[in-house]
Structures are given as C-alpha cells and as structure tokens.
2 protein chains.
Amino acid sequence: MRLSRYFLPVLKENPSEAQIVSHRFMLRAGMIKQQAAGIYSWLPLGFKALKRVEQIVHEEQIRAGHIPLLMPTLQPADLWRESGRYDDYGEEMLRITDRHKRDMLYGPTNEEMITDIFRSHVNSYKDLPLTLYHVQWKFRDEIRPRFGVMRGREFLMKDGYNFDLDFDSAIHAYNRHMVSYLRTYERMGLQAIPMRAASGPIGGDNTHEFLVLASTGESEVFYDAAITDLKFGDRVVDYDSREECEAIVKEWTTPYARTDETHDEAIFNAIPEERRRTSRGIEVGQIFYFGTKYSEPMGATVVTADGARVPVHMGSHGIGVSRLLGAIIEASHDDKGIIWPEGVTPFHVGIVNLKQGDSSTDLACEALYRDLSAKGLEPLYDDRDERAGAKFATMDLIGLPWRITVGPRGIAAGKVELTNRRTGESEEMSSGAAVDRLAQIYAGI
Amino acid sequence: MRLSRYFLPVLKENPSEAQIVSHRFMLRAGMIKQQAAGIYSWLPLGFKALKRVEQIVHEEQIRAGHIPLLMPTLQPADLWRESGRYDDYGEEMLRITDRHKRDMLYGPTNEEMITDIFRSHVNSYKDLPLTLYHVQWKFRDEIRPRFGVMRGREFLMKDGYNFDLDFDSAIHAYNRHMVSYLRTYERMGLQAIPMRAASGPIGGDNTHEFLVLASTGESEVFYDAAITDLKFGDRVVDYDSREECEAIVKEWTTPYARTDETHDEAIFNAIPEERRRTSRGIEVGQIFYFGTKYSEPMGATVVTADGARVPVHMGSHGIGVSRLLGAIIEASHDDKGIIWPEGVTPFHVGIVNLKQGDSSTDLACEALYRDLSAKGLEPLYDDRDERAGAKFATMDLIGLPWRITVGPRGIAAGKVELTNRRTGESEEMSSGAAVDRLAQIYAGI
C-alpha cells in the first residue's frame, strides 16, 4: 500500500479521553474511531490488524479440529427464557423489540443458540464429539465502557462450544482448547498465562482464564516465575490424542498461577521466594466446562449405543478478539508508539523514501515495493512529500516491526537501511538482501 | 474435511416453509438454520460459501484501489438526525435504546457514519480521491421477511463510499465501481446485468442496479439480448484510467437493460424483435452517485487548491453479500440440488468412497485427500459408512462442482472416476490425473 493512497489519519496530540496506552496509540495511529460510548469503527490500519488476529484464531481452531460457522448477532429472547438466563442477565444485555413487538436481544454470548442448533440436528452419539465455533460481534451494555477496545460494548469474540458424550471426552475438549489457545496467543507474540478462574455459580473447577501480564490489567495476578519460562514453540500436537493434550495442560497448570479471585496465600507462599511474582493481567480468553447446564433444560440429548437418551456434556471457550488488539499493544509498545509482533502486524514492513521526487530514490523504492510484494509480503510505502522526521515518527507510531529507509546517498552506494522497530538497530545492505532477510523472517511466522 | 468429522445436517424432506428453490436447497444442504424471522445461522457449509463470496468481494474492491475498514453494527441515532433520515427511515429501521436511555439503531446502511469518519479526519483536497468500504452485517426490519437469505432481516452487505472533489472525479469512482462489480459477479459464475435504476427522491440518473436473471427474481426486467453476450473475461484494467473504465461502462450500458421501474416501452420496441427479452431478475448490487446529499448537511468539506472550502461529492455502492448466496443458487441448480460455480464452491471437490472399510479403497481415498490438499485444494471426503446412493445424493445436493468416486473395482484397475456436477459427465482416469486436472481447473479461477 502506498501511504499517499491510504487512509491513515494519525493524530499528533494525545487524545484526552484515552487513559491507557493502547487506547491512546490506537487513536493516535488512526486505527479506531469512537462512534458512541464503547462502540468503535475500525479504520483501515486497525481493521487490518484485527483481521490478522482473527485469522490466527481461525487457523488454530481449525488445526484443533473445531468447525467454524456463524450465528447472527440478534437472537430471539425465547431461547434465553428456556435456559432461564433472560431474566438473570441484567442490564448488560441489550434488549430490543422489533416492529412486531417481539422480544429480541443483541447476543452477549451464544450458549443458548448453539445448543438450539445442536438439538435441532444431532440425535446420535455417533455424531459426537463435535466442537463448533464462530467469530462474531457481541454486545454487552457495560455501564461504564472505557479503555478503548479493551472494554467496549460492541466487541468481536471467538466463542466455541464442545458437545461430548461424557465427562472424560468433554475434558479432552477442554484440554484441546487450552492447547490451541496457548499456540494462538504465542503466534500473536503474547505470553498469555492460563490461570485457574473462579467457577461462578455452576461449581466445578474446570475453568481457566488466560491473562497477559501488563501493568494496566484489570486483575491482580500471582504466579510462579517458572510458568513464564514455558514456550509452546513449534511443537506438533495430535489434537486427537488425549494424552498429548493432557500432558501440555499439565505442563502449564502445574506452576502456580492465579488471579485475585482464586488466589491462595498459603500455596503461593510455599513457592520459593525468588520465584514468587505478583503483577497485573489482562484477560484475553477463558475456557469453561459446564457439563449439562444448558443441554438439560434445553433438551440437547443424544441416543447412546445402549439406546438410552442422555444430555450432552458441553463447555464454552472464548477469545476476546477485538480486546486482543488492546492487549497486544499494552504488552508491546514504547514511548514512540506501537511495536507489532510479526505475527499480527498490519503491514510487514514500512518503506521510507527520504527524498520523494528524487528519481533514483523513487525508482529504488518502487523496485523494493514490487520485490517485497512478489515475495508475498505487504509493505506500506511512505511516498508522501514529507520531511524524513515526520515519516519516521509515523512509522514508529504505527509500529511495523521492520522499516527500510531509502535515501539518495545510500542508493548511490547500492545500500538501503533495514531497521528493527523493537531494538532500533539498523543495518545497511543491498535492497535484494533486505528483501531476502524479510522473506526469511516472515517465512517462520 | 472428512464428512465423518464435519457438521453437515442435510435434510431428506423439503422444508415446508421454503417457497423458492435457493431457500429450499440451503436448508436441505445444511447451509443455514433460521433462528428468528429473517435471521439465520450460517451452518458450516453455508459459512464456507459465504466466506468465499465475501473474499471475492474484498479482492475485487482492493484491486480497484478501494480501502477496507469496518464500521460497527450499532450506530447512535444522533448521526441520523443530522442527515434528516432518522425520522424518514420508517419502521424498517431497528431502533434500540441502551441502558442509559440513549437512542441507537442497528445500521441498515452507513452513509451517515462514513461521512462522520471522513469529516473527522479529512480536510484537504490533497487527500482525495478516497473510497472506503466495509463488509458488515446490517439489519432492516422487513415487515415480511421471506425467501431465506434473499430477503432476510440481518444480512451481510458490502457498502462502499467514494469521496471526490468534483462531479467528474465522482463519476470516475462510479464507473470504477461498475467495472469492479462486473468482474466480481463474473468471478462468482454470475451474469449480473447493470440496469438503469430509478433515481429516487434525489434526482439524477447516475444509479444502476445489478440484476441476475432468474425466474424467481423480484423485478421484471427488459433487455436487449446483446448484453448477455458480453463477457468481462480476464481483461486487465487500469482502475486509475478514466478512459478505460468509461469505455467498459459504455460497453455494458449501451444495450437496453432496465427494470420495470425505469422501463421505456418506446425505446424497447426499437430493438430488433429477435433481440428483445423480458425476464425476471434478482438485485444483487447497486451503485449510486448522490453528490453532496450527505456532505452538505453533515459538513464533510475539504479545502481546495484555491483555499475555498467545498462539500465533497459522494456516492454509495453496495453488494448484497449474503443475498448473493441465494442468487447464485437460483441461477445454478437442478432437481437434485445446488451446482456451485467453481469460484465460490465451499469445497473444491467431493471424494466418494464406495466401500468404506475396504482397505485398498480407504487407502486410495486417503492418498487422494492428501494429494489434493497438497495442491492447495480443499476436498470434502465422504468417509461415512453409508450406501453409495446416499453418498451420491448428498454430493448432488450440496453441489460441489466436481466429484471423485473411488471404488474397489476401479482401484484394482488403477482408476478413479471424475464427475462434473453440472453436466453429469464422468471420466475414468488415474488418481494422479484427476488431481492434476482439478489443480489445473482451479488454477484458472
């Protein structure tokens, strides 16, 4: 993309309404625009980053054998009356009446609807196990929306639901989700730690939240430093193997890691002091086994091999897709702006032309643009007639992980400069070498 | 995808509520499930087809130089009060009140919001021309939703908006959209004819609807048969060239083609009789130049080179993405089911194993599955323990354009059967030849 033809409305000033760094940088980098309290437009740069995050979520869910579909944003109230949640949900549920005076709502989550889909179409144990998921906009009418997309009202969430014949199979689905989530977050450049969550009114302790460590997080967290040494890396996982998934879950749930809701001071104090950590965390996902809570009242049953009819065991598993953009920036930025991890960067590399209008520099930039594109990379080329300082400031603010600087002096010497956004380190090399280097870096992502 | 692990709830019976063929087949093929009047879940097969259509829309918009973003589904009523449409829109607008008693609405379209984004960030003629678009769920509270996704209430639409300095530039944007739409529909295997549309209360005749010929269409259409001979093909278009775009628009708008709303009997009768056609059509898109209708009341202005401040010229351009699924099926089916055009098929090819459990047949199917996947194709492998007849019926119903049939006798002779869904023609060949043939077919899509 050429910046002269793009729509990247960066702001020079810090917007007064933004209290946290991710909100500030998302506004300043022209990623989002607030349209109403807690409701945002995703401007082109923000939309691109959001799509990268969503794409990783899809890829990892599909890798785990989960099946995508799409439920609508609006739901009939009657479904929620069946589960008993219509009255319980309170004011965060956006209730709507249509022209025929039917009660509707903007879905804050989809347990009822997916259970309805299941019961309409599945009747036999032979069709289990089954995990369906979607990535769809949700609405929760937060009383005080704040922190930009971190606590918005209209937000994009991945929510998946497993249907299993029995507890053991459902726990495998739970474990499979944990494994897929670990891999998902790591691909986004995040370390999200699974922490035992409060079980809520349902009971049982099969629920974990995933928290990204960040000083602006909403939860206080307590953990054993051993957990931050764990890496998912490029392990090949057989998601059908209960043993493999269970072993990975065990690896990540053995070191102590809890939020203030589940924190146990006695257990924590038993950790060697040098490994005890307290911090704050941003919740970016949660997995939850809830058994027959919905299948029983809503009649989602299957016939077993013995001919008995039993309610299915279910769980729900969420990733806060739009919120992740905020979390990634909270975890990865400096004073000058965002620092995108390679896995989610909206453009792979920025090209800064130091002397727009100088024919050899322009030609070199165009050639670079073409060569990068030919390698499947998406460059953002700052081809505006602007001072170098302004171009650098924009690139630093929007945070592409790599920048290639092209100037007349370098071109005369056959060199461009490749700069790493995170370290600030620059290296001179030929255009061809820079293209090859970047292709190599992104091939591993 | 292996069918034994997929969620494809096909129906044997014709659903009584479906009056038109696309609705019937979408329900029977397990593509959609109604959740409330005019509100559908897109089950896995439907979701996949929807994504293919959406992807083509994105690719062609980006090719034309238009920039994607994403506006939210909910909008504040105040924006619509500025344009004067809040009171005018009538009962099709779903009006919502949030917990703080603020008036909101579920966006039926986005002229107001995109104008708000523009005026907040653009100030100079130097930032023009600019075309922004999104693909987002909309809601229109139709009094009698019907025909499945063809006339739903919650529907997916691509809507794009151009901002230009003057009339000529805005007309180029209009032409550019027409060209990109012609290409978009053709890639989906559709012939969508641009027809002069009624201008509505705004005046001016710069609006065209795109109609797919189908007996179940909602509009009566009149056209010169010459227009159905036109093919976009693989022309390379320079979307920046006013001349090139104008020439293509001229090519498609010269032959007579109008709906009953704009039909002129006298002009029609001047067409040689053997070329006069009347039919019915499904509207799948519309382009519209409306000048300063929104920019003026909402203050979307730019400073010109002369220092004057002028309202920008705008247009809006829509494609009914979810509706297209219905239109494609209306235009492409037979008694047995859907016939997907290659460009939008949810899976590229079906594999039918005639004798599940026979080890050589199973092995051959697995090898085929692997080889097709390695070529970047997505097969749907019917690996269920079912009669051949049931497998064929399912494949015919869901309408993948190609099927490979694998049986023990063929395998013994080193052959599989490749069948074209549209023609029903089959050809015996080696597995390798079938894979190569399909790779070649889809390489051209």
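Residues numbered from 1 in each chain as written. Chains lettered and ligands numbered in written order. Predicted model: local features only at pLDDT ≥ 70, side-chain atom pairs only at ≥ 80, totals over all residues. Heavy atoms only, no water.

## Structural notes on the interface of chain A and chain B
And step 1. Contact with chain A, which involves 55 residues of that partner, is made by 55 residues of chain B.
And step 2. Across the chain A to chain B interface the summed buried area is about 4800 Å²; carbon plus sulfur atoms make up 62%.
And step 3. Looking only at chain A, the three residues that lose the most surface to chain B are Phe7(A), Leu70(A) and Arg99(A), adding up to 15% of its buried area.
And step 4. Counting the contacts that link chain A with chain B gives eight salt bridges.
And step 5. We note a salt bridge from Asp98(B) to Arg153(A), for which the minimum N-O separation is 2.9 Å.
And step 6. At the junction of chain A and chain B, the tally comes to 22 residue pairs in polar contact (both at pLDDT 80 or more). (Contact = heavy atoms within 4.5 Å. Buried area = accessible area lost by both parts, 1.4 Å probe. Salt bridge = Lys/Arg side-chain N within 4 Å of Asp/Glu carboxyl O. Polar contact = N/O pair within 3.5 Å; in protein donor to acceptor, adjacent residues only side chain to side chain.)

## A short note on the relation of the copies chain A and chain B
And step 1. Superposition record for chain A on chain B: RMSD 0.0 Å, screw rotation 180°, translation along axis 0.0 Å. These values place the two chain copies in the arrangement generated by a two-fold rotation axis. Judged by C-alpha distance, Ile96(A) is the residue of chain A that lies nearest the rotation axis, at 3.0 Å.
And step 2. Comparing interface residues between copies, 100% of those in chain A also sit at the interface in chain B, which points to an isologous, same-surface contact. (Least-squares fit on C-alpha atoms with pLDDT ≥ 70 in both.)

## Focus: the domain arrangement of chain A
Residues and elements named next belong to chain A.
And step 1. Segmenting chain A into domains produces domain 1 (3-338) and domain 2 (349-443).
And step 2. Here the C-alpha centroids of domain 1 and domain 2 sit 37 Å apart.
And step 3. Taken together, the contacts link 17 residues of domain 1 with 13 residues of domain 2.
And step 4. Buried area between domain 1 and domain 2, both sides added, is near 1300 Å², and the carbon and sulfur share of it is 55%.
And step 5. When the area that domain 1 buries against domain 2 is broken down by residue, the three leading residues are Leu3, Lys336 and Ile338, summing to 42%. (Domains from an automatic or database assignment.)

## Digging into the packing of aromatic side chains
And step 1. Evaluated as defined, the whole model comprises 29 aromatic pairs over all chains.
And step 2. Their ring planes at 85° and their centres at 5.3 Å tell us that Phe167(A) and Tyr289(A) sit as a pair that is edge-to-face. Of this pair, Phe167(A) sits in helix H6 (residues 167-187) while Tyr289(A) is found in strand E13 (residues 276-291), placing the two residues 122 residues apart along the sequence.
And step 3. Among the residues examined, Tyr289(A) registers a relative accessible area of 13% and is labelled buried.
And step 4. Relative to Phe139(B), the ring of Tyr106(B) has its centre 5.5 Å away and its plane inclined at 50°; by these criteria the two rings are tilted. You can see Tyr106(B) sitting in strand E6 (residues 103-106) and its partner Phe139(B) sitting in strand E7 (residues 130-139), a full 33 residues away along the chain. Judged on exposure class, the residue Tyr106(B) and its partner Phe139(B) are both buried.
And step 5. These aromatic residues form a ring-pair network of at least three members: Tyr106(A), Phe139(A), Tyr106(B) and Phe139(B).
And step 6. The ring of Tyr86(A) has Arg81(A) lying over it, and the distance from NZ or CZ to the ring centre is 4.6 Å.
And step 7. Above the plane of the ring of Phe347(B) lies Lys48(B), whose end atom (NZ or CZ) is 4.9 Å from the centre. (Phe/Tyr/Trp six-rings, centres within 6.5 Å; stacked < 30°, edge-to-face > 60°. Helix = DSSP H or I, 4+ residues; strand = E, 2+ residues; numbered from the N terminus. Buried < 20%, exposed > 50% of the residue type's maximum accessible area, 1.4 Å probe, protein only. Lys NZ or Arg CZ within 6 Å of the ring centre and 35° of its normal.)

## Overview of the nonpolar core
And step 1. In terms of nonpolar packing, the biggest core is built from 232 residues, with Met31(A), Trp42(A), Phe163(A), Met31(B), Trp42(B) and Phe163(B) touching the most fellow members.
And step 2. Once residues lying within four places of it in the same chain are set aside, the contact partners of Met31(B) are Met26(B), Ser41(B), Trp42(B), Leu43(B), Leu45(B), Gly46(B), Ala49(B), Leu325(B), Ile329(B), Ile338(B) and Trp340(B). (Core = buried A, V, L, I, M, F, W, Y, C linked by side-chain atoms within 4.5 Å.)

## A look at the pairing of strand E9 (residues 192-196) of chain A
All names here are of chain A.
And step 1. By the criterion of burial, E9 is predominantly enclosed, with four of the five residues buried.
And step 2. One ladder, built from five bridges, connects E9 with strand E10 (residues 207-213); its direction is antiparallel. The partner of Ala192 across the bridge, within E10, is Val212. (Pairing = 2+ DSSP bridges.)

## Quick word on unusual backbone geometry
For residues other than glycine, phi is negative in most cases, and the peptide bonds are mostly trans.
All names here are of chain A.
And step 1. For the bond running from Leu128 to Pro129, omega is -5°, close enough to zero to count as cis.
And step 2. Of note, Pro129 is situated in the loop between helix H5 (111-121) and strand E7 (130-139).
And step 3. The phi torsion at Lys101 lies on the positive side, around 65°, for a residue other than glycine.

## Some words on the environment of Glu60(A)
All names here are of chain A.
And step 1. Turning to its location among the elements, Glu60 is positioned in helix H2 (residues 44-63).
And step 2. Overall, the relative accessible area of 0% leaves Glu60 in the buried class.
And step 3. Sequence separation between Glu60 and Tyr185 is 125 residues; the distance between their C-alpha atoms is 9.8 Å.
And step 4. Leaving out residues up to four positions away in the same chain, Glu60 has contacts with Ser180, Arg183, Thr184, Arg187 and Tyr239.
And step 5. Side chain to side chain, Glu60 and Arg183 meet in a polar contact 3.3 Å long.
And step 6. Separated by 2.7 Å, the side chains of Glu60 and Arg187 make a polar contact.

## Here's the deal with the side chain of Thr304(B)
All names here are of chain B.
And step 1. Inspection of the secondary structure assignment puts Thr304 in the loop between strand E14 (301-303) and strand E15 (309-311).
And step 2. Using a relative accessible area of 16% as the deciding quantity, one classes Thr304 as buried.
And step 3. Apart from residues lying up to four places away in sequence, Thr304 is in contact with Tyr125, Leu165 and Val310.

## Let's talk about the environment of Asp385(B)
And step 1. You can see Asp385(B) is positioned in the loop between strand E20 (379-382) and helix H12 (388-398).
And step 2. When the C-alpha positions of Asp385(B) and Asp166(B) are compared, they lie 65 Å apart, and in sequence the two are 219 residues distant.

## A few points about the sheet that holds strand E5 (residues 94-97) of chain B
Residue and element names in this part refer to chain B.
And step 1. Reading across from one edge, E4-E6-E5 is the order of the three strands in this open sheet, with antiparallel pairing throughout. Only two strands of the sheet have a single neighbouring strand rather than two, namely strand E4 (74-76) and E5. The average undirected angle you get between the axes of adjacent strands in this sheet is 35°.
And step 2. Across four bridges, E5 lies against E6 in antiparallel orientation. Following the sheet pairing, Leu94 is matched in E6 by Tyr106. (Axes fitted to C-alpha atoms, helices over the stretch in contact; angles between N-to-C directions.)

## Side note on the sheet that holds strand E22 (residues 416-420) of chain B
Residue and element names in this part refer to chain B.
And step 1. Spatial ordering of the open sheet is given by E20-E19-E21-E22-E23, a layout of five strands whose pairing is mixed. In this open sheet, the two strands that pair with only one neighbour each are E20 and strand E23 (426-429). Between one strand and the next, the sheet's axes are offset by a mean angle of 20°, whatever the strand orientation.
And step 2. Pairing of strand E21 (residues 402-406) with E22 involves four bridges; the strand directions are antiparallel. The partner of Ile404 across the bridge, within E22, is Leu418.
And step 3. Along the sheet, helix H11 (residues 359-374) makes contact with strand E19 (349-353), E20, E21 and E22, crossing E19 at roughly 170°.
And step 4. Set on the sheet, H12 makes contact with E19, E20 and E21; between it and E19 the angle comes to about 170°.

## Comments concerning the environment of Glu251(B)
Residue and element names in this part refer to chain B.
And step 1. In this fold, Glu251 is placed in helix H7 (residues 242-253).
And step 2. In this structure Glu251 comes out as partly exposed when scored by relative accessible area, which is 30%.
And step 3. For the pair Glu251 and Leu230, spaced 21 residues apart in sequence, the C-alpha to C-alpha distance is 8.3 Å.
And step 4. Those residues in contact with Glu251, other than ones at most four positions away along the chain, are Leu230 and Arg235.

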